[in-house]
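What follows is each chain in one-letter form.
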Amino acid sequence: MNPNDRHETVFANKHIKAVTVVAATGAVALCFWFAANLVDGRPWLASQNLVMALGFSGCCWLNRRGSHALAATISSGLFLLQMAFATFAFGYQSGSFLFFLPGAILPYLMFSREYMRRANFFAAVSAFGFMASMVFQDELPVRIVIVSVKFMEIFNAALVLAVLIAAAISFVRIVTNGEEALARAHRRANQLLLNVLPEAIAERLKSQPGMTIADRYENVSVMFVDIVNFTAKANSERPEETVAMLNKLFTAFDRVCAKTGVEKIRTIGDGYLAVAGVPTSLPNHQRKMVATGLEFLQIAKQQGVEIRIGIHCGPAVAGIVGLQRFQFDIWGDTVNVASRMETSGKTGKVHVSRAVFDIVKDEFICVERGSIPIKGKGDMPTWFIEADPSQSFE
């Protein structure tokens, strides 16, 4: 098949199979009638059967070669010609005209959406043939008798009914498969959305597409995590090793967040940003954030990675920004201070502000660091937090 031929686009499997079934069935049936008419001494009728059988066989060959549109077109045309000939030769009373009914349905099984005009054309011609046969039935006497007319009428009616039932089953399968594929695509789209947005935000975005999502939160906890000496480490490793290390570490962090109710916002290079209390409220979010940070330290130690962690709590604004590769983000002074807690912290420590210390001081071992200069804030008293061995933070 020529890839540049716009009329030879790839058909869906269901259309290819339909062309194969119609063409193969026509070829086999006409080969049978060719043999029967040849034996009964009707060579001219046998010749007609042979020509049509060869035509349907050629459609099978074209379909196998990838010329699906051409095969479907020729098969539909041959089907109409054969039905018109049968109706004229065997008469109205033989019931041959009934085959115009499946002739109005089969094109929609054989042609894909790109070729709906062809399907509509063949369906319309079939419908016209059926109506014309009924209107001019007196002009369609029995011209050739092979078996009794009554038998042919019953046989053809039963065969047409079987074809219509098979077509109906095919349509139901197509619709069912389409619905299942749509459901799978919907689930995949939802999962992709949940991979970049919190569930509550994703639901709002789906229910009100195009709306601006921005909310103010009066009290949330924000945590920044950074890998110590990452640049030097990355420069000395192969890219695959660096990415594998980050993936292993951050995936473990993600699992902890899912367990404690903390919401991961994003990764920033070798940094990790998370928030507690956004977009849904989280009771005692300071304690849960500190517990999450302490577990991060344990994971990093187990993986041989050194990290710093900074945590602060307070008001913040969160929402969605951008149109392409959009993301849920958080802004405000609380975020800035949390970032300063991380950058001014120490390796292997959870560094927190007074706002966090005042809430968690009775639940964790807190080591006062004293006042240190924080960019944009002046001197601020801060603490390092260690886990109380008697506490469980799950």
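Turning next to the overall build of the protein. A tally of regular secondary structure across the protein gives 13 helices and 8 strands. Over its C-alpha trace the protein gives a radius of gyration of 37 Å, far above what one expects of a compact globule, namely 21 Å for 394 residues. In terms of overall dimensions, the protein has a C-alpha envelope of 110 × 45 × 40 Å along the principal axes. Per-residue burial for the protein yields a buried fraction of 43% across its 394 residues. Accessible surface, the protein: about 21500 Å² in total, of which carbon and sulfur atoms supply 59%. Taken together, the 38 basic and 33 acidic charged side chains of the protein have centroids lying 5 Å from each other.

Within the largest apolar cluster, 37 residues are counted, with the highest numbers of intra-cluster contacts made by Phe253, Phe296, Ile307, Ile309 and Ile311. No other element matches helix α10 (residues 239-260), which puts 8 residues into this core. Formed by 35 residues, the second largest nonpolar core is a distinct cluster that contains Val22, Ala69, Met83 and Leu109.

Two elements in contact, helix α2 (residues 43-64) and helix α3 (residues 68-90), have axes separated by 8 Å at closest approach and are oriented at 160 degrees. Here α2 lies roughly antiparallel to α3, going by the angle between them. Here the hand of the crossing between α2 and α3 comes out left-handed. Here Trp44, Leu45, Gln48, Asn49, Met52, Gly55, Phe56, Cys59, Leu62 and Asn63 of α2 lie close against α3, whose contacting residues are His68, Leu70, Ala71, Ile74, Ser75, Leu78, Phe79, Leu81, Gln82, Phe85 and Phe90. A class-by-class count of the residues in the contact of α2 with α3 yields 14 nonpolar, 7 polar and no charged.

What follows is about the layout of surface pockets. A volume near 1300 Å³ is recorded for the largest pocket. What lines the largest pocket is a set of 42 residues, among which Thr25, Gly26, Phe79, Phe99 and Val163 lie closest to the centre. Those elements that provide at least two residues to the lining of the largest pocket are α1 (13-39), α2, α3, α5 (106-110) and α7 (149-196). A class-by-class count of the residues in the lining of the largest pocket yields 28 nonpolar, 11 polar and 3 charged.

What follows covers the packing of aromatic side chains. One pass over the structure, following the stated rule, counts 11 aromatic pairs. On the numbers, 5.4 Å between centres and 45 degrees between planes, the contact of phenylalanine 250 with tyrosine 272 is tilted. Taken together, the positions of phenylalanine 250 in helix α10 and tyrosine 272 in strand β3 (residues 271-276) put the pair 22 residues apart, joining distant regions of the chain. In terms of burial, phenylalanine 250 and tyrosine 272 fall into one category: buried. Seen in terms of ring centroids, phenylalanine 253 and tyrosine 272 are 5.4 Å apart; in terms of plane orientation they differ by 85 degrees. Their pairing is edge-to-face. Taken as a pair, phenylalanine 253 in helix α10 and tyrosine 272 in strand β3 lie far apart in primary sequence, 19 residues in all. Both residues of the pair, phenylalanine 253 and tyrosine 272, count as buried.

Let's shift gears to the environment of valine 22. As for its placement among the helices and strands, valine 22 is situated in helix α1. Relative accessible area serves as the criterion here: at 13%, valine 22 is assigned to the buried category. Valine 22 sits 80 residues away from proline 102 along the chain, and the two C-alpha atoms are 11 Å apart. Leave out the neighbours within four places in its chain, and valine 22 touches Phe56, Leu106 and Met110.

Time to look at the pattern of salt bridges. Per the counting criterion, the structure on display carries 15 salt bridges. For glutamate 295, the salt bridge goes to lysine 259, with nearest N and O atoms at 2.7 Å. Highlighted residues: glutamate 295 in helix α11 (residues 285-302) and lysine 259 in helix α10, separated in sequence by 36 residues. By relative accessible area, which is 19% here, glutamate 295 ends up buried. One salt bridge in this structure joins aspartate 358 and arginine 354, with 3.8 Å as the shortest N-O distance.

This paragraph deals with helix α6 (residues 116-135). Owing to its 3.6 residues per turn, the α-helix aligns residues three or four sequence positions apart on the same side. The end-to-end C-alpha separation of α6 is 28 Å, in line with the 28 Å expected for 20 residues at 1.5 Å each. For α6, the complete set of buried residues consists of Ala119, Phe122, Ala123, Ser126, Gly129, Phe130 and Ser133. End-on, the buried residues of α6 take up no more than an arc of 115 degrees, which puts them together on one face. Away from the buried face of α6 by more than 90 degrees, exposed residues Arg117, Phe128 and Val135 are located.

Attention now moves to the environment of methionine 116. Mapping methionine 116 onto the fold places it in helix α6. Linking methionine 116 and leucine 70, residues 46 residues apart in sequence, is a C-alpha distance of 14 Å. If we ignore the near neighbours within four places in the chain, the residues touching methionine 116 are Tyr108 and Phe111.

In this section: the pairing of strand β6 (residues 350-353). The alternating pattern of β6 places Val350 and Val352 and His351 and Ser353 on opposite faces, both of which are buried. Across 3 bridges, the pairing between strand β4 (residues 307-321) and β6 is parallel. Of the residues in β6, the one forming a bridge with glycine 310 is histidine 351. Sheet topology places β6 next to strand β8 (residues 378-386); 4 bridges connect them, and they run antiparallel. Each residue of the ladder has a partner; that of valine 350, found in β8, is isoleucine 385.

Right, let's talk about the pairing of β4 for a bit. With 12 of its 15 residues buried, β4 lies for the most part within the structure. Bridging between strand β1 (residues 214-227) and β4 involves 12 bridges; their strand directions are antiparallel. By the bridge assignment for β4, valine 220 is matched with glycine 314. Looking at chain direction, β4 and strand β5 (residues 327-331) are connected through 5 bridges and run antiparallel. Residue pairing for β5: isoleucine 320 is matched across the bridge by phenylalanine 328.

Each value, and the rule that gives it
- Every chain is numbered on its own, with residues counted from 1 as its sequence reads.
- Whole-chain, interface and lining totals are the exception, using all residues; otherwise, since this is a predicted model, local features are given only for residues with pLDDT of at least 70 and side-chain atom pairs are given and counted only at 80 or more.
- In computing side-chain properties, one takes all heavy atoms of the structure into account and sets aside hydrogens as well as water.
- Elements are defined by DSSP. Helices are runs of H or I of four residues or more, strands are runs of E of two residues or more, and each kind is numbered from the N terminus.
- Our radius of gyration is a C-alpha quantity, and the globule rule it is checked against amounts to 2.2 Å times the number of residues to the power 0.38.
- Exposure classes here rest on a 1.4 Å probe applied to the protein chains alone. A residue is buried below 20% of its type maximum, exposed above 50%, and partly exposed in between.
- Per-residue accessibility takes into account occlusion by the displayed protein chains alone, with areas from the Shrake-Rupley method and a 1.4 Å probe.
- In summary, the charge assignment counts Lys and Arg as positive and Asp and Glu as negative, without counting His or the chain termini.
- Think of each charge as sitting on NZ of Lys, CZ of Arg, CG of Asp or CD of Glu.
- Nonpolar cores are built from buried Ala, Val, Leu, Ile, Met, Phe, Trp, Tyr and Cys residues. Side-chain atoms within 4.5 Å join them into one set.
- With axes taken as lines fitted to C-alpha atoms, and helix axes fitted only over the stretch in contact, angles between N-to-C directions fall between 0 and 180 degrees.
- Each angle receives one of four descriptions, namely roughly parallel if under 35 degrees, roughly antiparallel if over 145, roughly perpendicular if within 65 to 115, and oblique otherwise.
- Two helices that cross are described as forming a left-handed crossing if the nearer one is turned anticlockwise from the farther one by less than a right angle, and a right-handed crossing if clockwise.
- Residue contacts are defined here by distance: any two heavy atoms, one from each residue, within 4.5 Å place the two residues in contact.
- Here the term charged refers only to Asp, Glu, Lys and Arg, the term nonpolar to Ala, Val, Leu, Ile, Met, Phe, Trp, Tyr, Cys and Pro, and the term polar to all other amino acids, Gly among them.
- Using a grid of 1 Å spacing that covers the protein atoms alone, one calls a set of points a cavity when a 1.4 Å probe fits there but cannot get out, and a pocket when the set is open and has protein on both sides within 12 Å along at least five of seven lines; lining residues are those with an atom within 4 Å of a point.
- Grid points are joined across faces, edges and corners, and a volume is the space filled by probe spheres set on the points.
- When two rings of Phe, Tyr or Trp (its six-membered ring) have centres within 6.5 Å they constitute a pair, described as stacked for plane angles under 30 degrees, edge-to-face for angles over 60, and tilted for the intermediate range.
- We define a salt bridge as a side-chain nitrogen of Lys or Arg found within 4 Å of a carboxyl oxygen belonging to Asp or Glu.
- A helix is expected to span 1.5 Å for every residue after the first.
- In this description, the arc belongs to the directions extending from the helix axis to the C-beta atoms.
- Two strands make a pair as long as DSSP finds a minimum of two bridges between them.

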